[in-house]
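# What the coordinates show
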Amino acid sequence: MRRINFYYVVWSFFIYINFTNAQGIHAHHEVEKDTNTINHFFEKGRFYGHARSYMSATLNKGDLTDYNAWGIGAGIGYETPKILKHFQVGISGFFMFNLKSSDLSNLDPKTNQTNRYEIGLFDIERPNDHEDLDRLEELFFKIHAGKKSILTIGRQIPQTPFINPQDGRMRPTLIEAAALDVKEWKNISLHGEYIWRISPRSTVRWFDTGESIGIYPVGVDVNGKPSQYKNNIESAGVGVIGSTYQKKQLNIQLWDTYIDNVLNTAQLKIEWKSKSIAGKNWFVGGQYIQQNSIGNGGNEDPTKAYTQINSGAKVFSGRVGQQSAKFDWFLNATRTTAQGRYLMPREWGREPFYTFMPRERNEGFGDVTVATINTFYKPENHIKIELSGGYFQLPDVKNFALNKYGMPSYSQINLGLTYQFDNYLKGLNALLLVVRKDDIGETYQNDRYVFNKVNMTHLNIIINYHY
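Residues numbered from 1 in each chain as written. Predicted model: local features only at pLDDT ≥ 70, side-chain atom pairs only at ≥ 80, totals over all residues. Heavy atoms only, no water.

## Thoughts on the packing of aromatic side chains
Counted under the stated rule, the structure contains 15 aromatic pairs. Ring centres of Phe95 and Phe97 lie 5.7 Å apart, and the angle between their planes is 75°; on these two criteria the pair is classed as edge-to-face. Owing to a relative accessible area of 30%, Phe97 belongs among the partly exposed residues under this scheme. Aromatic pair Trp282 and Trp329: ring centres 5.8 Å apart, planes at 90°, arrangement edge-to-face. Taken together, the residues span a long stretch of sequence, with Trp282 in strand β12 (residues 280-293) and Trp329 in strand β14 (residues 327-336) at a distance of 47 residues. Members of the aromatic cluster, connected to one another through ring pairs, are Phe283, Phe330 and Phe376. Between Arg171 and the ring centre of Phe94, over which it is positioned, the NZ or CZ distance is 3.6 Å. One Lys or Arg, Lys437, reaches over the ring of Tyr410 and ends 5.5 Å from the middle of that ring. (Phe/Tyr/Trp six-rings, centres within 6.5 Å; stacked < 30°, edge-to-face > 60°. Buried < 20%, exposed > 50% of the residue type's maximum accessible area, 1.4 Å probe, protein only. Helix = DSSP H or I, 4+ residues; strand = E, 2+ residues; numbered from the N terminus. Lys NZ or Arg CZ within 6 Å of the ring centre and 35° of its normal.)

See the structure below:
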């Protein structure tokens, strides 16, 4: 017998509450509202929802396999008003369906490799399942203290430089954590959190932090053999601390992400905006990231560890540009030194470098030089057009010590068009994203270094409705 879906029950309950609330709004004005009811309590809270349609297609070179997928989903959530002036509770869930797609478990016959992008729209652990793709996403308890400080305990959306929603598939990454935000001072804010479970995007399960490392493809180790850290990482959790200083046009941030027994990543970011003159302002930013292995890298057996003992990496990233109401442009550069691979579980979030371009990453590589340009044109309030391009110089695909995923050097061009609806369709927006990637490095006539990596076009059509 098919199980009763919890989220359908929650969805029906929230619809009922909203309906009864609407009935109260349209009631005759002479009727005095009873404030000592559960219904009144729900009225004072915040209902929110999200519906999403995501179409994705990848066109690979020549006779390499192409893929396509179309997923839809919807979710709803509720956050109570403050209870006794200090406490709140929130809950949300989301369910999704695979409307139509290629056989996402099908291997490309020439390379024996799996699909890379479309498989992530649903559950990468069950690529061809069309049902039961649902997740209890948020379930948290908030404590308000002081003037602007909040402690949030439970399932929530991460918002830190290296652990973040990375909203490039049907659903974002979520964490189970205790997160404290302190904003008691005018120019300084503090953040601290401890994470013990993670539900990465492209999954519906919740995993212990060590277990979550390796759900995505694992690449090769420094000797060129398939990495074996999946299901072998021992870690008590992740600790994150951060501080932000904001004064006038200056913003300084310090962050440290500590993965117990695996890796520590420290980041310094400094950004400055000039005062606006004739509707335009200059922007300058810089980042420095320092990584060091911790403990035994996740496993006392080096062949099963995520990082090697005494390994590390350094990354420098910078940006300069100009912003205005109609047009923004930025020149960006990132350098990862040859000291070692920059590593961060891809399951947890996208990298914070200024040169990041959607649908590709530079995690897993060392000795990397990147230059990109971003342009954003806003002809009117409802429309934003993005045209970005990048040059990514990576180590040779056979330099296994510095190239984890066998990715050749490449160029990338992104064209994005976003339209934000208004009036009766307020809350609805649509995004068209076209990505083109071509190799500029040696692939040794081996399609394993080409398939789903370079000489390909990737298309997304994403429609979101938030309320």
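## Focus on the pattern of salt bridges
Overall, the coordinates contain 18 salt bridges when judged by the stated rule. Ionic pairing is found between Lys110 and Asp63, a salt bridge with its closest N-O pair at 3.6 Å. Of the two residues, Lys110 is situated in the loop between β3 (87-101) and β4 (133-145) and Asp63 in the loop between β1 (46-59) and β2 (67-79); the sequence distance between them amounts to 47 residues. Grouping residues by exposure puts Lys110 and Asp63 together as exposed. For Arg436, the salt bridge goes to Asp438, with nearest N and O atoms at 2.8 Å. (Salt bridge = Lys/Arg side-chain N within 4 Å of Asp/Glu carboxyl O.)

## Some remarks on a positive patch on the surface
Residues Lys186, Lys247, Lys248 and Lys275 make up a contiguous surface patch of positive charge. When you line up the elements, Lys247 lands in strand β9 (residues 238-247). By relative accessible area, Lys247 is classed as partly exposed at 44%. (Patch = residues over 30% accessible without salt bridge, like charges linked within 9 Å, V, L, I, M, F, W, Y side chains within 5 Å. Areas by Shrake-Rupley, 256 points an atom, 1.4 Å probe, with all protein chains shown as cover. Lys, Arg positive; Asp, Glu negative; His and termini not counted. Charge placed at Lys NZ, Arg CZ, Asp CG, Glu CD.)

## Quick look at the confidence of the model for the protein chain
Low-confidence regions, as indicated by low pLDDT, have predicted coordinates that should not be scrutinised in detail. Scored by pLDDT, the protein chain comes out at a mean of 91, with 91% of its residues at no less than 70. In this model, residues 13-31 is a region of pLDDT below 50 whose contacts with residues beyond four sequence positions or in other chains number 14 contacts. (pLDDT = per-residue confidence, 0-100. Contact = heavy atoms within 4.5 Å.)

## A look at the environment of Lys273
Note that Lys273 resides in strand β11 (residues 263-273). Overall, Lys273 belongs to the partly exposed group, its relative accessible area being 38%. Along the chain, Lys273 and Glu300 lie 27 residues apart, while their C-alpha atoms are 47 Å from each other. Once residues within four sequence positions are removed from consideration, Lys273 is found in contact with Gln249, Asn281, Trp282, Phe283 and Gln323.

## Some remarks on the pairing of strand β5 (residues 149-156)
Pairing of β4 with β5 involves 7 bridges; the strand directions are antiparallel. Note that in β5 the partner of Phe140 across the bridge is Gly154. Relative to strand β6 (residues 174-182), β5 runs antiparallel, the two being bridged by 7 bridges. In the sheet register, Gln156 faces β6, and the bridge partner there is Ile175. (Pairing = 2+ DSSP bridges.)

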